[in-house]
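Residue strings, one per chain:
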Amino acid sequence: MTTSRADRHLPMLPPDRPAGLSRRALLAGGALGAASYLLPTSLGNARVPAAPAATQALTLAAGETQMKLLGPDGPASRVCAYDGTPFRTLRFPRGSVLDVGFQNGLDEGTTVHWHGIRLPNAFDGVPTLTQPLVQPGGAYAYRVPLEDPGTFFFHPHCDETGQAGRGLAGVLIVEDPRDPAFDAEHVLCLKDWRLAENGGFLPMSEPDGASKAGTFGATRRCNGQPSLALEAPAHGEVRLRILNLDSTRVMDIGVDQGEAALIAVDGHALPPIPLDRLPDGVWRMGPAQRIDLHVRMPAAGGQVRLADYRAAKLYEFATLTATPSARPLRPFRPLALPAAQVPRADLKKAERLTFTLQQATDAAISAAGLPPDDPLAKALLDSLCVGSTTYWGIDQLSWPTGSRRAVPPPLARMRAGRSYRVTVKNGTRYPHPIHLHGHVFEVIGSSSGRLPRHLADTVLVQPDEAAEIAFVAAPGDWVFHCHILEHMETGMMGYFRVL
Ligand SMILES: [Cu+2]
């Protein structure tokens, strides 16, 4: 039995939504926009067919809308969303190529980053490094090949604490016709909101948060609600796609009652792991990380509760109630997704690099710049896209903040097609979810022994832990940063230059 649309919790827009790129989008996108119909000069690992059969044209507009985050009787909050739909969810079959005419309806500059997608560097959405900032009223054309099935998302890459903090994110689900059939599927977007009693927003960042574990939101929500009441047939097989879309919070996702297995991380299949075989029976998930769970429903009337067990106060974000069905009770066998097909690093021949995450201060930052003949040597980052103060760095380098706006030199220079093994050491007292753009990497393991070998685009590195990742480098300038957004905006970001 396939998933019915009614089973899916978030509204879904048909993939054939009539739109197409407007002339304005093409013009405003400039050379890059026009080039979206040609093969870009800078190709990532992803194969971009010259004449794709499954090109999907769509428009996407960033803007503001209202959400009742404080309850049906509470004041509304002015949030950011794509196309007026909080956590707008796109679903496309694997192999599609999206031609996205993006329009900026916000009153400040923005871009769109396609998190976890292997795509040409020109469409990666990092202002200055890969594209100009899209000004208010401006447009940009993105061409996004969907090579890998899984649960992904997209979000801005400028003033992220402000824009993502106010909710600007969309879900991108790439469907694989080879996936096993589930009886129901739900998409769960976890995000806390920093709200005042009148529904307005509190400051997204405070120095005490930015320099430590981050500034937390106190209004915990799943798909904008305190807790979701979901249903699925008794003894049925349920697929849950859970996204940590918070700016700050690390969560320990677990289930109470019922049987469950982890079947994908950051969209990519792994041999299923029953949750009760994971440390403490939970999967620890930092901002930007996603998991797919297979949950087996109990008998009719029974409930499965999903919770964040890391929080000081247990947060139950969803309850699945079993509805009567004629399905017989069979032994629980986790349904494995088809193995991911991504470039795999040659671990024996890979070049080894180590980066240390550390605290830093404005005074300690090296003034190194790019050589004068570098194309980015004269480029300045938009002041909106840099934070005010430096608290963090990677190997003595910090992403610029304050009045420093020159693009720094790369953290590493790499060769396209070559394999790399990168050790990320956490020299701080706080966890950091580290994300590499444009690549899918293999997490080889960590010094704590906590992490199973798996594919991912973001790895959570705990205090005093060292995690090792491996990947095949794709051409372009790819940022490598902490996804606790305040850490990123106060220095914990750099980039790999792959030639
Ligand atoms: Cu961090």
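Before any of the text, the structure's been laid out above.
Residues numbered from 1 in each chain as written. Predicted model: local features only at pLDDT ≥ 70, side-chain atom pairs only at ≥ 80, totals over all residues. Heavy atoms only, no water.

Draft legend 1. Representation of the overall build of the protein chain within the structure. Within the protein chain, the regular secondary structure consists of four helices and 30 strands. The contacts of the protein chain with a sequence gap of at least 6 include a subset with a gap of at least 24, amounting to 78%. Approximately 18,600 Å² of the protein chain is accessible, and the part contributed by carbon and sulfur atoms is 53%. (Helix = DSSP H or I, 4+ residues; strand = E, 2+ residues; numbered from the N terminus. Contact = heavy atoms within 4.5 Å. Areas by Shrake-Rupley, 256 points an atom, 1.4 Å probe, with all protein chains shown as cover.)

Draft legend 2. Up close: the environment of Val459. Take Val459: it is sitting in strand β27 (residues 458-461). The buried category is assigned to Val459, whose relative accessible area is 2%. Measuring from C-alpha to C-alpha, the distance between Val459 and Ile434 comes to 5.2 Å, with 25 residues separating the pair along the chain. Once you skip the residues sitting within four places of it in the chain, Val459 turns out to touch Gln289, His432, Pro433, Ile434, Phe441, Val443, Leu451, Ala467 and Ile469. (Buried < 20%, exposed > 50% of the residue type's maximum accessible area, 1.4 Å probe, protein only.)

Draft legend 3. Representation of the state of the cysteines within the structure. According to the stated counting rule, one finds one disulfide in the structure shown. Disulfide pairing is shown between Cys158 and Cys385; the S-S distance is 2.0 Å. Looking along the S-S bond of the Cys158-Cys385 disulfide, the torsion reads about -100 degrees, which is the left-handed sense. Placement of the pair is Cys158 in the loop between β7 (150-155) and α2 (160-163) and Cys385 in the loop between β20 (351-359) and β21 (392-394), with a sequence separation of 227 residues. (Disulfide = S-S within 2.5 Å.)

Draft legend 4. Structural view of the sheet that holds strand β30 (residues 493-498). Taking strand neighbours across the sheet as the criterion, the five strands line up as β22-β30-β29-β24-β27 in an open arrangement whose pairing is mixed. Edge positions in the sheet fall to β22 (412-414) and β27, since each has one partner strand and no second. Adjacent strand axes in the sheet meet at a mean angle of 20 degrees, parallel and antiparallel pairs treated alike. In the sheet, β22 pairs with β30 via three bridges, with the strands oriented parallel. Looking at β30, one finds that Arg413 is bridged to Arg497. (Pairing = 2+ DSSP bridges. Axes fitted to C-alpha atoms, helices over the stretch in contact; angles between N-to-C directions.)

Draft legend 5. Broad picture of the coordination of the copper ion. Protein-derived ligands of the copper ion are His432 (ND1), Cys482 (SG) and His487 (ND1), with the metal-ligand distances lying across 2.0 to 2.1 Å. Coordination of the copper ion draws on donor residues from a single chain, spaced H-x49-C-x4-H in sequence. For His487, a relative accessible area of 0% corresponds to the buried category. (Donors = N, O, S within 2.8 Å, 3.2 Å for Na, K, Ca; no water.)

Draft legend 6. Seen up close, unusual backbone geometry. Phi is positive for Asp159, which is not a glycine, with a value near 45 degrees. The buried category is assigned to Asp159, whose relative accessible area is 17%. The backbone phi angle of Asp395 is positive, close to 50 degrees, even though this residue is not glycine. Mapped onto the fold, Asp395 is located in the loop between β21 and β22. What makes Asp395 partly exposed here is its relative accessible area of 30%.

Draft legend 7. Spotlight on the pattern of salt bridges. All chains considered together, the criterion is met by 31 salt bridges. Residue Asp148 pairs with Arg118 through a salt bridge whose shortest N-O separation is 2.8 Å. Here Asp148, found in the loop between β6 (139-145) and β7, pairs with Arg118, found in the loop between β5 (113-115) and β6; they are 30 residues apart in sequence, far enough to count as distant. Of the two residues, Asp148 and Arg118, both sit in the buried class. Here Asp192 and Arg220 are joined by a salt bridge, their closest N and O atoms 3.2 Å apart. Remark: Arg220 occurs in strand β10 (residues 219-222) and Asp192 occurs in strand β9 (residues 184-193); sequence separation between them is 28 residues. What you see here is one network of salt bridges that share partners, running through Arg91, Glu175, Asp179, Glu185, Arg239, Arg241 and Asp292. (Salt bridge = Lys/Arg side-chain N within 4 Å of Asp/Glu carboxyl O.)

Draft legend 8. Fine view of the nonpolar core. Formed by 94 residues in total, the largest nonpolar core has its most connected members in Trp114, Leu172 and Ile242. Broken down by element, this core gets its largest block of residues, five residues, from strand β19 (residues 315-323). Two domains share this core, each providing at least three of its residues, namely domain 1 (1-338) and domain 2 (351-498). If we ignore the near neighbours within four places in the chain, the residues touching Leu172 are Leu90, Phe92, Leu98, Trp114, Ile117, Leu146, Gly150, Thr151, Phe152, Phe153 and Phe154. If you look at the next biggest cluster of nonpolar residues, it comprises 15 residues, including Phe153, Ala169, Leu195 and Leu243. (Core = buried A, V, L, I, M, F, W, Y, C linked by side-chain atoms within 4.5 Å. Domains from an automatic or database assignment.)

Draft legend 9. Examining the sheet that holds β6 more closely. If you walk across this open sheet you meet the four strands as β2-β1-β4-β6, and the pairing is mixed. Of all the strands in the sheet, just β2 (77-82) and β6 have a single pairing partner and so form its edges. Here the strands of the sheet are splayed against their neighbours by 20 degrees on average, with no regard to which way each runs. Note that strand β1 (residues 55-67) and strand β4 (residues 97-104) share eight bridges and pair parallel. Looking across to β4, one finds that Thr59 is bridged to Gly101.

Draft legend 10. Region of interest: the side chain of Arg421. Looking at the secondary structure, you find Arg421 in strand β23 (residues 419-426). A polar atom in the side chain of Arg421 sits 2.7 Å from the side chain of Glu468. Setting aside residues no more than four positions away along its own chain, Arg421 makes contact with Leu347, Ala350, Glu351, Arg352, Leu353, Ile444, Glu468, Ile469 and Ala470. (Polar contact = N/O pair within 3.5 Å; in protein donor to acceptor, adjacent residues only side chain to side chain.)

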